[in-house]
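# Observations on the three-dimensional arrangement
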Amino acid sequence: MINDKVFKAMSDPTRRKIIELLKERPMTAGEIASHFKHAQPTVSRHLNVLKNADLVVDQREGTYVVYRLNTSVIQGWLNWLLDKFGGGSSNEQDEE
């Protein structure tokens, strides 16, 4: 079951953009922040929301913290959305 933290995290356009960026490759907070006009602490707060929802994971690599998508949670969320709101046959197909 998908929890409310995932929906809260995905409701914000900045966090959705962060997910899009991390889809391309893992990044540090500074690399992520360079794509926004927000101050670094604002981006860090968004990253914390994504981490608390288990949508991203972080790992220390030397002096940096690298963020990656938690693809299993994202895939689970997408599957849940498709199951609840789409992915089945449409009414037009049912009528044929």
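Below: a short report on this structure. Here the structure is a predicted model, which is why all the values come from computation and not from measurement. All residue numbers refer to position in the chain's written sequence, counted from 1. Confidence filtering applies because this is a predicted model: local features only for residues at pLDDT of at least 70, side-chain atom pairs given and counted only at 80 or more, and all residues used for totals across whole chains, interfaces and linings. As a rule here, side-chain values cover all heavy atoms of the structure and leave hydrogens and water aside.

### Here's the deal with the nonpolar core
Across soluble globular proteins, nonpolar side chains show a tendency to be buried alongside one another. Counting 22 residues, the largest nonpolar core has Ile18, Ile19, Leu22, Ile32 and Leu55 as the members making the most contacts within it. The way it works is that DSSP assigns letters per residue, a run of H or I at least four long becomes a helix, a run of E at least two long becomes a strand, and they are numbered from the N terminus. Of all the secondary-structure elements, those providing two or more residues to this core are α1 (4-10), α2 (13-24), α3 (29-33), α4 (40-52), β3 (64-69) and α5 (71-85). The element that contributes the greatest number of residues to this core is α2, accounting for 4 residues. Here a residue-residue contact requires only that any non-hydrogen atoms of the pair lie within 4.5 Å. Apart from residues no more than four positions distant in its own chain, Leu22 is found in contact with Met27, Ile32, Val56, Tyr67, Arg68 and Leu69. For our purposes a nonpolar core is just a set of buried Ala, Val, Leu, Ile, Met, Phe, Trp, Tyr and Cys residues, chained together by side-chain atoms within 4.5 Å. To sort residues, take the accessible area from a 1.4 Å probe on protein chains only and compare it with the maximum for the residue type: under 20% means buried, over 50% means exposed, and anything in between is partly exposed.

### Observations regarding α2
To estimate how far a helix should reach, multiply one less than its number of residues by 1.5 Å. When the terminal C-alpha atoms of α2 are compared, their 17 Å separation across 12 residues agrees well with the 16 Å that a helix rising 1.5 Å per residue should span. The set of residues buried in α2 consists of Thr14, Arg15, Ile18, Ile19, Leu21 and Leu22. The buried residues of α2 occupy an angular sector of 165° when projected down its axis, which confines them to one face. Among the exposed residues of α2, those pointing more than 90 degrees away from its buried face are Pro13, Lys23 and Glu24. Taking the helix axis as origin, the arc is that swept by the directions to the C-beta atoms.

### A closer look at the packing of aromatic side chains
Geometry of aromatic contacts follows a simple scheme: Phe, Tyr and Trp rings, the Trp one being its six-membered ring, pair when their centres are within 6.5 Å, and the pair is stacked under 30 degrees between planes, edge-to-face over 60, tilted otherwise. Counting across every chain of the model gives 2 aromatic pairs. For the ring pair Phe7 and Trp80, a centre distance of 5.2 Å and an interplane angle of 75° mean the geometry is edge-to-face. You can see Phe7 sitting in helix α1 and its partner Trp80 sitting in helix α5, a full 73 residues away along the chain. Residue class for Trp80 comes out buried when judged on its relative accessible area of 18%. Ring geometry for Trp80 against Phe85: centres 5.9 Å apart, planes inclined by 70°, an arrangement best described as edge-to-face. Cluster of aromatic residues (ring-pair linked, three or more members): Phe7, Trp80 and Phe85.

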